[in-house]
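Results of the structural survey
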Amino acid sequence: MDVFSRTFLPAAAEAGLATQTATRHMPVFRRCVGSGDATILVTRCSRPDRSTTGEYLLLLTHRRLVVTQQTRVLHRLRLHLNTELRELSNVTWSPDPRLHSIELAATAIDGVRERFLIRARHPKQVWQLDALLNHAFRTRVRTSRERLVATIGDAAAAAARSAAFRPVVVR
C-alpha cells in the first residue's frame, strides 16, 4: 500500500466523510496525486459565490491542492482544480469560530481567484484546520528564490560549464 492510500482514508474518516464518498472520489484524486504524496486534509467544501452548483471535495497534500465537484442532479464527478501548492499565489484563509467555518482563497496559475468555504463541526476543529493550512502553505511552500536553479550571469554556473565543456584537439 502506497503513502497516498495509507493517509487518504484516515484523513477522510477524521473529516467525517462516508467511506462510500471517499472511495468514489479516490480514483479522481489518484490520477492527480502521486503515490508518495501524503494527505494532509480531506474535507467537504462549498463555493460561497456559487452555492447551487453541487458539492465539492477538497484534498490537500504536501505538494498539491485538488478539488472535485459532484453535480447535484446526475451525481457526476468532475475535476474542478488540480494544482501544485507552489503554483498558487495570494493564498489566504480566514477562520471564523462563531460560524464554525474557514474561507480559503487562492489565485491559480491561470489567474482565476478560487474561494472555498470549509465548514467544521465545532470551534476547536476550526483551529485545527487553521493549523493544517498554516503548515501546508506557510512552512512547506518554497519561495521563488529557492526554486531558482541558476541565472545566466551566475559565476558558479559559468565555471561549471567551462569545466564540463573544454575544447578538445582532434587530429
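Higher on the page you've got the structure.
Thresholds, definitions, all that
Residues numbered from 1 in each chain as written. Predicted model: local features only at pLDDT ≥ 70, side-chain atom pairs only at ≥ 80, totals over all residues. Heavy atoms only, no water. Phe/Tyr/Trp six-rings, centres within 6.5 Å; stacked < 30°, edge-to-face > 60°. Helix = DSSP H or I, 4+ residues; strand = E, 2+ residues; numbered from the N terminus. Buried < 20%, exposed > 50% of the residue type's maximum accessible area, 1.4 Å probe, protein only. Contact = heavy atoms within 4.5 Å. Salt bridge = Lys/Arg side-chain N within 4 Å of Asp/Glu carboxyl O. Pairing = 2+ DSSP bridges.

According to the stated counting rule, one finds four aromatic pairs in the structure shown. Considering the side-chain rings of Trp93 and Phe137, the 6.0 Å spacing of their centres and the 35° angle between planes classify their relative orientation as tilted. Taken as a pair, Trp93 in strand E5 (residues 89-96) and Phe137 in helix H3 (residues 123-139) lie far apart in primary sequence, 44 residues in all. According to the relative accessible area criterion, Trp93 is buried, its value standing at 13%. A relative accessible area of 11% means that Phe137 is categorised as buried. Taken together through their ring pairs, the aromatic side chains of Phe4, Phe8 and Phe29 make up a single cluster.

Looking at where Thr68 falls in the secondary structure, it is placed in strand E3 (residues 64-70). What makes Thr68 buried here is its relative accessible area of 0%. Not counting chain neighbours up to four residues away, the residues in contact with Thr68 comprise His25, Val28, Phe29, Glu55, Tyr56, Leu57, Arg78, Leu79 and His80.

One pass over the structure, following the stated rule, counts nine salt bridges. Of the charged contacts in the structure, one is a salt bridge between Glu84 and Arg86, with a shortest N-O distance of 2.8 Å. For Glu84, a relative accessible area of 23% gives the class partly exposed. For Arg86, a relative accessible area of 39% gives the class partly exposed. Linked by salt bridges that have partners in common, Arg47, Asp49 and Glu114 make up one network.

With that settled, the discussion passes to the environment of Tyr56. By the element assignment, Tyr56 lies in strand E2 (residues 55-61). By relative accessible area, Tyr56 is classed as buried at 3%. Considered as a pair, Tyr56 and Phe116 are 60 residues apart in the sequence and their alpha carbons are 8.9 Å apart.

What follows concerns the pairing of E2. Among the seven residues that make up E2, six are buried, leaving the element largely enclosed by the rest of the structure. Summarising the sheet, strand E1 (residues 39-45) and E2 pair through six bridges and their orientation is antiparallel. When the bridges of E2 are listed, Val42 appears paired with Leu59. Across six bridges, E2 lies against E3 in antiparallel orientation. Residue pairing for E3: Leu58 is matched across the bridge by Val67.

Turning to unusual backbone geometry, a few remarks are in order. Although it is not a glycine, Asn90 sits at a positive phi angle of roughly 50°. With respect to the secondary-structure elements, Asn90 resides in strand E5. With a phi angle near 55°, His100 is a residue other than glycine that sits in the positive phi range. Relative to the elements of secondary structure, His100 occurs in the loop between E5 and strand E6 (101-107).

What follows deals with the environment of Phe8. Tracing the chain through its elements places Phe8 in helix H1 (residues 3-14). Between the C-alpha atoms of Phe8 and Leu60, which are 52 residues apart in sequence, the distance is 9.9 Å. In contact with Phe8, other than residues within four places in its own chain, are Ala22, Met26, Phe29, Thr39, Val42 and Leu59.

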